[in-house]
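# Coordinate analysis (summary)
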Amino acid sequence: MSPEEKQLARIMFKSKVLAANGQAYEDLFSAVMGIDNKDFVQVKPQGRIGDRKNDGYDRRIGKYYQVFAPEDPTAKVQNAVKKLKEDFDGLYTNWNKVTPVTEFYFVFNDKYKGSFPTIEANLAVIKRSKKLAECSSFLAKHLEQAFLDLKDEHVFSILDILDPN
């Protein structure tokens, strides 16, 4: 991809991120991660049991992701903190016996505005209490970087455009 095409792809991807809420953002995240990491497994809800608080993981190394993509990420920060705590507790209870949790990422569509101190503080508490190798937020900028690191044909595929070459 030329530098101009790369910049256009970045702008188009940012537009997708800014427009995506809820399931649409989770689908975008899963599409990028599924290409970026061949060991990434997207977990779909199964009836009443749902996804057991796991939106995707790499079972080989115990790296788990939980997505939160509200329409307005700045509206109710306490909702984000509550979701983080509840989702991690549910994930750990249900999945640690499947593949031990070594890393946890709270995938937060911050719409490029950044994380909140209370989210970061709670992630640090979880990391220490469960002795995880990593426990952090995974923001829009992180998803964008994973997207831009993909091969050109995958970038075009995610953007739903034809390869110009």
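Note: the structure precedes this text.
Thresholds, definitions, all that
Residues numbered from 1 in each chain as written. Predicted model: local features only at pLDDT ≥ 70, side-chain atom pairs only at ≥ 80, totals over all residues. Heavy atoms only, no water. Helix = DSSP H or I, 4+ residues; strand = E, 2+ residues; numbered from the N terminus. Expected span 1.5 Å × (residues − 1). Buried < 20%, exposed > 50% of the residue type's maximum accessible area, 1.4 Å probe, protein only. Contact = heavy atoms within 4.5 Å. Phe/Tyr/Trp six-rings, centres within 6.5 Å; stacked < 30°, edge-to-face > 60°. Lys NZ or Arg CZ within 6 Å of the ring centre and 35° of its normal. Pairing = 2+ DSSP bridges. Axes fitted to C-alpha atoms, helices over the stretch in contact; angles between N-to-C directions. Right-handed = clockwise from strand over helix to strand, strands pointing away.

## Observations concerning helix α3 (residues 77–95)
Helical periodicity: at 3.6 residues per turn, an α-helix aligns residues three or four positions apart in one direction. Between its first and last C-alpha atoms α3 spans 26 Å; for 19 residues at 1.5 Å apiece the expected length is 27 Å, and the two agree. When we look at burial in α3, the residues that qualify are Ala-80, Val-81, Leu-84, Asp-87, Phe-88, Gly-90, Leu-91 and Trp-95. Tucked into the core, α3 has its buried residues touching β2 (56–58), β3 (63–68), β4 (103–108) and α4 (117–130).

## Things to note about the packing of aromatic side chains
Evaluated as defined, the whole model comprises 17 aromatic pairs. Taken together, a centroid distance of 6.0 Å and an interplanar angle of 25° make the contact between Phe-68 and Phe-106 stacked. Residue Phe-68 is found in strand β3, and its partner Phe-106 is found in strand β4; the two are separated by 38 residues along the sequence. Each member of the pair, Phe-68 as well as Phe-106, is classed as buried. In this structure an aromatic cluster arises from ring pairing among Phe-29, Phe-40, Tyr-65, Tyr-105 and Phe-138. A cation over an aromatic ring shows up here: Lys-14 above the ring of Tyr-112, its NZ or CZ 5.2 Å from the ring centre. Above the face of the Tyr-92 ring, Lys-130 is positioned so that its terminal group lies 4.3 Å from the ring centre.

## Structural notes on the environment of Ile-119
Following the sequence through the fold, Ile-119 ends up in helix α4. The exposure class of Ile-119 is buried, given its relative accessible area of 0%. Not counting chain neighbours up to four residues away, the residues in contact with Ile-119 comprise Ala-80, Val-81, Leu-84, Phe-106 and Phe-108.

## A closer look at the sheet that holds β4
With mixed pairing, the 5 strands of this open sheet are ordered in space as β1-β2-β3-β4-β5. The open sheet has two edge strands, β1 (40–42) and β5 (134–138), and neither has a second partner. Averaged over neighbouring strand pairs, the angle between their axes works out to 20° when direction is ignored. Across 6 bridges, β3 lies against β4 in parallel orientation. Within the sheet, the bridge partner assigned to Phe-68 lies in β4 and is Phe-108. Running at roughly 150° to β1, helix α2 (residues 22–36) makes contact with β1, β3, β4 and β5 of the sheet. Of the strands in this sheet, β4 and β5 touch α4, which is tilted by about 160° from β5.

## Thoughts on the pairing of β4
For a regular strand, side-chain orientation follows a simple rule: the groups alternate between the two sheet faces. When you tally the buried positions in β4, you get 6 out of 6 residues, the bulk of the element. With α3 bridging β3 and its parallel neighbour β4, the resulting β-α-β unit is right-handed. Here β4 pairs with β5 via 5 bridges, running parallel. Bridge pairing in β5 places Phe-106 opposite Ser-137.

## Digging into the side chain of Asn-54
Note that Asn-54 resides in the loop between β1 and β2. The class of Asn-54 is buried, set by a relative accessible area of 0%. With residues up to four places along the chain from it excluded, the contact list for Asn-54 reads Val-43, Tyr-64, Tyr-65, Gln-66, Leu-91 and Trp-95.

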